[in-house]
Amino acid sequence: MTTEFEPKIIAFLCNWCSYAGADLAGVSRFNYKPNIRIIRVPCSGRVSPMLVLKSLAEGLDGVLVSGCHPGDCHYAEGNYHTRRRMTLLKKLLDYMGIDGRRLQLSWVSASEGKKWADVVNEAVEEVRKAGPNPFSTNTKGSSGK
Amino acid sequence: MSAIVDELRKVAAGLLKSGAVKVVIGYENEAAPRPVFLENAEDAEKLVWNDRCFHNLARYLNTTEGKAAIVAKGCDVRAVAGLIREGQVKREDVVIIGVDCAAQTESGEKLGKCLVCDCHRPEIYDHLVEDENALVEPQTDPYGDVSEIEAKPVEERLGYWLGLMERCIRCYACRQVCPLCYCKECVAEQSLPKWLPRSPDGKGNLFFHVMRAHHLAGRCVDCGECERVCPVDIPIRTINRKLIRDISELYGYKAGVELDVVPPLTTFKPDDPEDAFR
Ligand code: SF4
Ligand code: SF4
Ligand code: SF4
């Protein structure tokens, strides 16, 4: 009877690296889990903590933020700021009882189609372990019902 | 009248008489000290100092005309330093009258922040009112309560915080009193876009507090005013100090101690820790 919980994850990808990496994964026909909904942003540094908090408050099970590798930011240093900001936010969320695994973070370059597929698969499993968002108004989660 | 109060009044009167400042922000009313704004040297007699001078007067720095002198404890001075660092006040527009402070007490008990205080003597000042007896060592592990919460499983942490958050009535006193919460419009009250649930329920309040603490990351000086004014006794410092400790461990930074160090969330190092990233 029990269907496995399928987390719903929102992914913010930087235009220059991670979005292109996801595109490459598609072109290369790498399979990955269908649990994510992608939003393209100019830079991972554009991802305000408020976007993360709103996503979680609205009931999404996880948030993935992905940008260029450190040193490769199109805007030179945006991702360095992302790194500090998101590291602290993840720890704070966890401390406040909102499982830190709900905030997934990665560096994926435009040439890393395979890594993108792996990142998504791993992120989905981590968020699955964290379970349904306790603040979701849809008590059935997004298990396909 | 103690030598300390005497000295304080002398400094204040001098600054007002010479015209060095337009206003002195200090405390009045011995029995229950409250903020006072003095513009005449003769009024310096009103100033008091004791262990119930709770208010962090840095909150008022931007509310007066002209140069101001401020009576400040060690923790208050850190907030003044934060405001200078963030360009809210010019260093040359404020005269800091630092006062050595042993502790502030409520019904005979030292405040939590004072038990772990490491700034009984202010680090930055223009005038110092000294009190050798105030220079006591910190008493307890400054992060004991934070470690205790960290040791719980995550579901228990959620229960713990939600239990407290359900009490929050979203009066925003914690925000209003904070010297570093000076935004003209707070995201907590924005409606276009509405970033956070605005109703005062457990969930909305929890997200409000994550947001509030994160916006103060690397800026909160642990003056404890937010916690002191909370009408329903939410241990807000325990949230703030999680970040204070993480920031000190990850980035080696402490807010308000030095004027020429860049706050941690406006800068970075190429080799910052990145265990959180794949
Ligand atoms: S934290 Fe230190 S300086 Fe501030 S009130 Fe307490 S003892 Fe005084
Ligand atoms: S958050 Fe609280 S403890 Fe920190 S600076 Fe503001 S009022 Fe002081
Ligand atoms: S002061 Fe207390 S009750 Fe008021 S908004 Fe802050 S936490 Fe909530």
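The structure displayed is predicted, hence computed values, not measured ones.

Analysis parameters
Residues numbered from 1 in each chain as written. Chains lettered and ligands numbered in written order. Predicted model: local features only at pLDDT ≥ 70, side-chain atom pairs only at ≥ 80, totals over all residues. Heavy atoms only, no water. Helix = DSSP H or I, 4+ residues; strand = E, 2+ residues; numbered from the N terminus. Expected span 1.5 Å × (residues − 1). Buried < 20%, exposed > 50% of the residue type's maximum accessible area, 1.4 Å probe, protein only. Arc of directions from axis to C-beta. Contact = heavy atoms within 4.5 Å. Buried area = accessible area lost by both parts, 1.4 Å probe. Salt bridge = Lys/Arg side-chain N within 4 Å of Asp/Glu carboxyl O. Nonpolar A, V, L, I, M, F, W, Y, C, P; charged D, E, K, R; others polar. pLDDT = per-residue confidence, 0-100. Disulfide = S-S within 2.5 Å.

## Digging into helix α4 (residues 113–130) of chain A
All names here are of chain A.
Then, number 1: In this model α4 runs 26 Å from its N-terminal to its C-terminal C-alpha over 18 residues, within 8% of the 26 Å that 1.5 Å per residue would give.
Then, number 2: Within α4, burial applies to Gly113, Trp116, Ala117, Val119, Val120, Ala123, Val124, Val127, Arg128 and Ala130. With its buried residues spanning 165° around the axis, α4 presents them on a single face.
Then, number 3: Next to the buried residues of α4 lie β1 (9–14), α1 (18–27), β2 (36–41), β3 (62–67) and β4 (103–107).

## Points about the interface of chain B and chain A
Note on interface size: it is often stated as the accessible area lost on association of the parts.
Then, number 1: At the interface, 44 residues of chain B touch 40 residues of chain A.
Then, number 2: Roughly 4000 Å² of surface becomes buried between chain B and chain A when both sides are summed, with 69% attributable to carbon and sulfur atoms.
Then, number 3: Taken together, the links from chain B to chain A amount to four salt bridges.
Then, number 4: Close ionic contact of Asp272 of chain B with Arg84 of chain A constitutes a salt bridge, the shortest N to O distance being 2.7 Å.
Then, number 5: Contributing elements (two or more residues each) for the side of chain B that touches chain A: α4 (144–150), α5 (154–165), α7 (202–215) and α9 (236–251) of chain B.
Then, number 6: Taken together, the residues that form the side of chain B that touches chain A break down as 28 nonpolar, five polar and 11 charged.

## A short note on the confidence of the model for chain A
Detailed conclusions should not be drawn from predicted coordinates in areas where pLDDT is low.
Then, number 1: Chain-level pLDDT for chain A is 93 on average; 93% of the residues reach the 70-or-more range.
Then, number 2: Long-range and interchain partners of residues 140–145 of chain A, a stretch whose pLDDT sits below 50, account for nine contacts in this model, where long-range means more than four residues apart.

## Points about the state of the cysteines
All names here are of chain A.
Then, number 1: Using the criterion set out here, one finds one disulfide over all chains in the structure.
Then, number 2: At a sulfur-sulfur separation of 2.4 Å, the disulfide partner of Cys17 is Cys68. Negative torsions about the S-S bond denote left-handed disulfides, and the value of about 95° found for Cys17 with Cys68 makes this one right-handed. With Cys17 in the loop between β1 and α1 and Cys68 in the loop between β3 and α3 (78–95), the pair connects residues that are 51 residues apart, well separated along the chain.
Then, number 3: Given the relative accessible area of 4%, Cys68 is considered buried.
Then, number 4: The thiol of Cys73 is unpaired, and the distance to the nearest cysteine sulfur, on Cys43, comes to 4.0 Å.

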